[in-house]
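Per-entry structural report
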Amino acid sequence: MFFSKEHEEALARLLYAAKRKKGLALLTGELGCGKTILSRAFIQQLSEESFDIGLITNPSLEHWIS
C-alpha cells in the first residue's frame, strides 16, 4: 500500500488516540480514498494484549433510525 502524507497523518492520529486512551477517533473520507485499508493497517499496529478490536465493515443505520 502507498501511504500518502494524508494517510500517514491519519494513521498517526488514530494510533495516538488509541494508545493514549483519548476516547473516540473517527475516520471519514470519500469513497475509494483508502479508509478500509488504512483501518486495517491501524489494527495491525495495535497489540492484541492491550486492545480488544471489533471491525464493522458495512454498518446499516436503518435498524437504528426510527
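Presented here is an overview of the structure given in this document. (Residues numbered from 1 in each chain as written. Predicted model: local features only at pLDDT ≥ 70, side-chain atom pairs only at ≥ 80, totals over all residues. Heavy atoms only, no water.)

1. Overview of unusual backbone geometry
Its identity is not glycine, yet Lys21 carries a phi of approximately 55 degrees, on the positive side. Mapping Lys21 onto the fold places it in the loop between helix H1 (5-19) and helix H2 (35-44). A relative accessible area of 76% means that Lys21 is categorised as exposed. (Helix = DSSP H or I, 4+ residues; strand = E, 2+ residues; numbered from the N terminus. Buried < 20%, exposed > 50% of the residue type's maximum accessible area, 1.4 Å probe, protein only.)

2. Some remarks on the nonpolar core
If you look at the biggest cluster of nonpolar residues, it comprises 8 residues: Ala10, Leu11, Leu14, Leu15, Ala18, Leu38, Phe42 and Leu46. Secondary structure elements with two or more residues in this core: H1 and H2. The element best represented in this core is H1, accounting for 5 residues. Ignoring any residue separated from it by four or fewer positions in sequence, one finds Leu38 in contact with Phe3, His7, Ala10, Leu11 and Leu27. (Core = buried A, V, L, I, M, F, W, Y, C linked by side-chain atoms within 4.5 Å. Contact = heavy atoms within 4.5 Å.)

3. A few points about H2
What H2 keeps buried is the set Leu38, Ser39, Ala41 and Phe42. Each buried residue of H2 sits inside an arc of 160 degrees when the element is viewed along its axis, so together they form one side. Among the exposed residues of H2, those pointing more than 90 degrees away from its buried face are Ile37 and Gln44. For H2, the elements touching its buried residues are H1. (Arc of directions from axis to C-beta.)

4. Section: the environment of Ser4
Among the secondary structure elements, Ser4 is positioned in the segment before H1. With a relative accessible area of 16%, Ser4 lands in the buried category. A polar contact is formed between the side chain of Ser4 and the side chain of Glu6, at a distance of 3.2 Å. (Polar contact = N/O pair within 3.5 Å; in protein donor to acceptor, adjacent residues only side chain to side chain.)

That is the geometry; function is a separate question.
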